[in-house]
Amino acid sequence: MIEKKTMATRDAYGKTLVELGKENNDIIVLDADLAVSTKTALFGKEFPDRFFDMGIAEQDMIGTAAGLAASGKIVFASTFAVFGSGRAWDQVRVSVAYTRLNVKIVVTHGGITTGEDGASHQANEDIAIMRALPNLTVLVPADGTQTAALIRQAAKFYGPMYIRLSRPKTPLIYPEGKHDFKIGKGIVAREGKDVTILACGMMVSKALEAAEELAQKGVDCRVVDLFTIKPIDKQLIVKCAEETGAVVTAEEHSIIGGLGGAVAEVLAENACVPMARVGIKDMFGESGQPDELLVKYGLAPIDIIAAVKSVIKRKK
Amino acid sequence: MILKTAIQELEDRARQLRQHIIAMTCAAASGHPGGSLSAADIVTVLYFHQMKHRPDDPGWAERDRFVMSKGHAAPVLYAALAEAGYFSVKYLKTLRRIGSSLQGHVDMLSLPGIEMSTGSLGQGLSAANGMALAARLDKRNYRVYCLMGDGECHEGQIWEAAMTSAHHKLDNLVAFVDHNKYQIDGQIDEIKSLRPFADKWKAFGWKVLRCDGHDISSIISALDKACKGTGRPTVIIADTVKGKGVSFMEERPLDYHGKAPTPEEEKKALAELCQLARPKER
């Protein structure tokens, strides 16, 4: 199921932006002094006239993006997830979401795998605060293939978006070139009947690993890639809950308000089944290597396995 | 040189806008009359003298853009748009009512002629920069005007944006500061001084002009000096009086920052504004 090849979603973003830049002169890219890390520097090198490094000024970057978009441009604005969400939240709220302008806020270094930079730079709350904003579409791609496809779709789709990418290389789940992802529709990445693991971002590959291991123990897990956090795919969540009778969510984010929160909202109103959330437990992270942090903060396949076992127990 | 009669017409227009501001905030029983009145002459000059715009074609690509960064001064902008013909003057009375397009703070999606939604202070100049950059990218000649409050200049984002405008040499951008010296909690000098205000803008790389924000000729002459080709963005610091045109609001500006006139006060204010008006025949 999981291909051995790995790619950082931010690398897929940078590469796709350059392709888009060649196809459409209206694409403008903004960054806030992190262009080398977010990979927008690739676009900047190719199209210096359409690239603006706004300096260390995220609020101004978002406002400028809004002004460019109000003038008909398709604007990609990038920085780290902590800054693109938290630092500029009010600017996103009033200048971008309220105005429904065509600004794509594409952030990298989402979640705890930002690693060594430590807690100040690990965005574990961004999905929660961004999905609360009306008009904003929120995406968390699972791999490089999906990122490339969604960035292309974002350029064509009119309206504000928040797209969260990550720093480290992660396994490719989908074959390169696959592009038929539908925003708002989850993907059943693995069929199963005992329990459904709903995941987003790099946790989709962890969920698939967990499912593989559980299969050997006779537990048949369905794995769903819910890369669209908003609008959430209610229909699929309810269907999975009804068909498998138990749900586990897995995300590289706080268990408060993110994917787990969104799924819990849907289930509480439509299909009450045993549910468990795998995520960061209402705490700040720390410096460390991404893999070490995933283990220490409860985001490893073993944590998903434990959650699956707990919900299956509650099913009976 | 602008004709004296043209100036008088603009003065009449500004008085008309002031009457609308009083009437609409009174009808709404809420809103921000003080900072709307202080900006009335600037907005008049922009919409009835300076800017290229087409009320019957609000999306005209070559139009000049106006960003009302001090979004609470919505009434003065609504009054100007209505007088210019973007929508009926009668509609002004729906200000702040449920279902109305005349939101408490300007909303670009609900009303033609509004270029940017604002309300959370400090955000308009960045958006104006984006529009000015877009004009350059598209090789269009339109200019971008942005009106900020002086208290608003406490916001850090204003200064982030000020650096951006100067760095990109946006000489198609003219910013006004409605310098009425008051914010909700008191006098700016007492709350948190902006001084030396003009020097701050100069240090940020701007061409700085000063004008009497209630003298039509002074505003026009500043705008004439702010023309393109300077290689710098221009800020016009307009000295204004909060509540200008209504004696009791000028005397007690803090009472009318975010408080509408009562019907009795409305009557008094409108009478004063009418008294100031020139006789129709001249």
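Below is a summary of the structure that appears in this document. Keep in mind that this is a model prediction, so the values were computed, not measured.

Description of the overall build of chain B
- A count of helices and strands for chain B gives eleven helices and seven strands.
- In summary, chain B has a C-alpha radius of gyration of 18 Å against a globular reference of 19 Å for 282 residues, a match within 12%.
- Based on the C-alpha atoms only, the size of chain B along its principal axes is roughly 50 × 45 × 40 Å.
- For chain B, the proportion of its 282 residues judged to be buried stands at 59%.
- Restricting to contacts in chain B with at least 6 residues of sequence separation, those with at least 24 account for 76%.
- One way to put it: in chain B the 37 positive side-chain charges average out to a point 3 Å from where the 34 negative ones average out.

Regarding the sheet that holds strand β6 (residues 207–212) of chain B
All names here are of chain B.
- With respect to topology, five strands assemble into an open sheet ordered β1-β2-β3-β7-β6, the strand pairing being parallel. Looking along the sheet, the strands with just one partner apiece sit at the ends: β1 (65–68) and β6. Direction aside, the axes of adjacent strands within the sheet are offset by 20 degrees on average.
- As paired strands, β1 and strand β2 (residues 144–149) are joined by four bridges and run parallel to one another. Across the sheet, residue F66 finds its bridge partner in β2, namely Y145.

Some remarks on the sheet that holds strand β4 (residues 74–80) of chain A
Residue and element names in this part refer to chain A.
- Judged by pairing direction, the sheet is mixed, and its seven strands sit side by side in the order β3-β2-β4-β5-β7-β6-β12 without closing on themselves. At either margin of the open sheet sits one strand with a lone partner, and together these are β3 (51–53) and β12 (228–230). Strand-to-strand twist across the sheet, computed as the mean angle between neighbouring axes with direction ignored, equals 20 degrees.
- Taken strand by strand, helix α1 (residues 9–23) contacts β2 (27–31), β4 and β5 (103–108), and its axis lies near 155 degrees from that of β4.

Side note on the interface of chain A and chain B
- In this assembly, 25 residues from chain A lie in contact with 25 residues from chain B.
- Run the count over chain A and chain B and you get one salt bridge.
- The salt bridge partner of K73 of chain A is D138 of chain B, with a shortest N-O separation of 2.5 Å.
- At the junction of chain A with chain B, the criterion picks out ten residue pairs in polar contact (both at pLDDT 80 or more).
- Those elements giving two or more residues to the side of chain A that touches chain B turn out to be α4 (58–70) and α6 (89–97) of chain A.
- Examining the composition of the side of chain A that touches chain B, we find that nine residues originate from one element, α4 of chain A, more than from any other.
- Its residues assigned to classes, the side of chain A that touches chain B comprises ten nonpolar, eight polar and seven charged.

A word on the nonpolar core
- The biggest cluster of nonpolar side chains holds 142 residues, and the ones touching the most others in it are Y78 and W201 of chain B.
- Composition of this core by domain shows at least three residues from each of domain 1 (6–171) and domain 2 (187–315) of chain A.
- Those residues within four positions of Y78 of chain B in sequence are excluded, and the remaining contacts are M24, F87, L92, L95, S101, L102, Q103, H105, V106, L111 and I114 of chain B.

Let's talk about the environment of K178 of chain A
Residues and elements named next belong to chain A.
- Counting through the fold element by element, K178 comes out in the loop between β8 (169–171) and β9 (187–190).
- Apart from residues no more than four positions distant in its own chain, K178 is found in contact with T145 and A149.
- Among the polar contacts listed, one links the side chain of K178 to the side chain of D180, at a separation of 2.9 Å.

Cut-offs and rules
- Residues numbered from 1 in each chain as written.
- Chains lettered and ligands numbered in written order.
- Predicted model: local features only at pLDDT ≥ 70, side-chain atom pairs only at ≥ 80, totals over all residues.
- Heavy atoms only, no water.
- Helix = DSSP H or I, 4+ residues; strand = E, 2+ residues; numbered from the N terminus.
- Rg over C-alpha atoms; globule rule 2.2 N^0.38 Å.
- Buried < 20%, exposed > 50% of the residue type's maximum accessible area, 1.4 Å probe, protein only.
- Contact = heavy atoms within 4.5 Å.
- Lys, Arg positive; Asp, Glu negative; His and termini not counted.
- Charge placed at Lys NZ, Arg CZ, Asp CG, Glu CD.
- Pairing = 2+ DSSP bridges.
- Axes fitted to C-alpha atoms, helices over the stretch in contact; angles between N-to-C directions.
- Salt bridge = Lys/Arg side-chain N within 4 Å of Asp/Glu carboxyl O.
- Polar contact = N/O pair within 3.5 Å; in protein donor to acceptor, adjacent residues only side chain to side chain.
- Nonpolar A, V, L, I, M, F, W, Y, C, P; charged D, E, K, R; others polar.
- Core = buried A, V, L, I, M, F, W, Y, C linked by side-chain atoms within 4.5 Å.
- Domains from an automatic or database assignment.

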